[in-house]
Amino acid sequence: MKRVNDLIDHPEFQRHLEKTEEMERERKFCKHGFEHGLAVARIAHAYLLEKGTKPEREVVYAAGLLHDIGRWLEYETGKDHALASAELARPILAACGFSGSEIGIIEQGIREHRLHGQPGLSALGEALALADDWARDCRSCTARADCYKFGDSMLRITY
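Below: a short report on this structure.

1. With respect to the overall build of the chain
In terms of helices and strands, the chain carries eight helices and zero strands. Buried residues in the chain amount to 45% of all 159 residues. In the chain, of all internal contacts separated by at least 6 residues, the share reaching a separation of at least 24 is 60%.

Here it is as structure tokens:
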């Protein structure tokens, strides 16, 4: 997991997390920091293993950690954070030694992570979309009555 650890230590990754944290300081709903990204990575990897695929662990973890790094751009400019995150991920991934084909797979998964339930998603995109919901702790959330994502299924542990 050397490349994933290099990604975590990468100054641009850290900067994007800090900018999102700053923009979400007063947010009452789920936040999109490191813990969320790591939970999404772990759940997506477990999901893909259970589906019988042989996911490249570093690819899945990189995608999970990077899927929301463009959140601050959405807050600042209105640009879809899935698209922004995919764009911001490319130079970080290249600097950490991911190949061009791996970067393409990761970028596609990140772009698709908001398309839950839509046909034609890549395996990674589907896994990230599901894991993004399953990683949320709705059971103890004080804002769930106001949350557009909340549904009774969010109270069930799936992974």
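Further notes follow.
2. Structural notes on the packing of aromatic side chains
Throughout the structure, instances matching the rule amount to one aromatic pair. Judged by centre distance (5.8 Å) and plane angle (65°), the rings of Tyr47 and Trp134 are edge-to-face. Of this pair, Tyr47 sits in helix H3 (residues 34–50) while Trp134 sits in helix H8 (residues 123–134), and the two are 87 residues apart along the sequence. Lying over the aromatic face of Phe98, Arg3 brings its terminal NZ or CZ to 4.2 Å of the ring centre.

3. Examining the nonpolar core
Core analysis: the biggest nonpolar cluster contains 38 residues, and Leu7, Phe13, Leu66, Leu93 and Ile106 have the highest contact counts within it. Elements that contribute at least two residues to this core include exactly helix H1 (2–9), helix H2 (11–23), H3, helix H4 (57–66), helix H5 (71–77), helix H6 (81–95), helix H7 (100–112) and H8.

4. Considerations on the side chain of Glu112
Position of Glu112 among the secondary structure elements: in helix H7. With no salt bridge to any partner, buried Glu112 finds its closest opposite charge in Arg111, at an N-O distance of 6.5 Å.

5. Here we look at the environment of Tyr75
Mapped onto the fold, Tyr75 is located in helix H5. Relative accessible area serves as the criterion here: at 29%, Tyr75 is assigned to the partly exposed category. Each C-alpha atom, one on Tyr75 and one on Met23, is 7.2 Å from the other, the two residues being 52 residues apart in sequence.

Criteria and cut-off values
- Residues numbered from 1 in each chain as written.
- Predicted model: local features only at pLDDT ≥ 70, side-chain atom pairs only at ≥ 80, totals over all residues.
- Heavy atoms only, no water.
- Helix = DSSP H or I, 4+ residues; strand = E, 2+ residues; numbered from the N terminus.
- Buried < 20%, exposed > 50% of the residue type's maximum accessible area, 1.4 Å probe, protein only.
- Contact = heavy atoms within 4.5 Å.
- Phe/Tyr/Trp six-rings, centres within 6.5 Å; stacked < 30°, edge-to-face > 60°.
- Lys NZ or Arg CZ within 6 Å of the ring centre and 35° of its normal.
- Core = buried A, V, L, I, M, F, W, Y, C linked by side-chain atoms within 4.5 Å.
- Lys, Arg positive; Asp, Glu negative; His and termini not counted.
- Salt bridge = Lys/Arg side-chain N within 4 Å of Asp/Glu carboxyl O.

In short, the description is geometric, and any link to function would need to be established separately.
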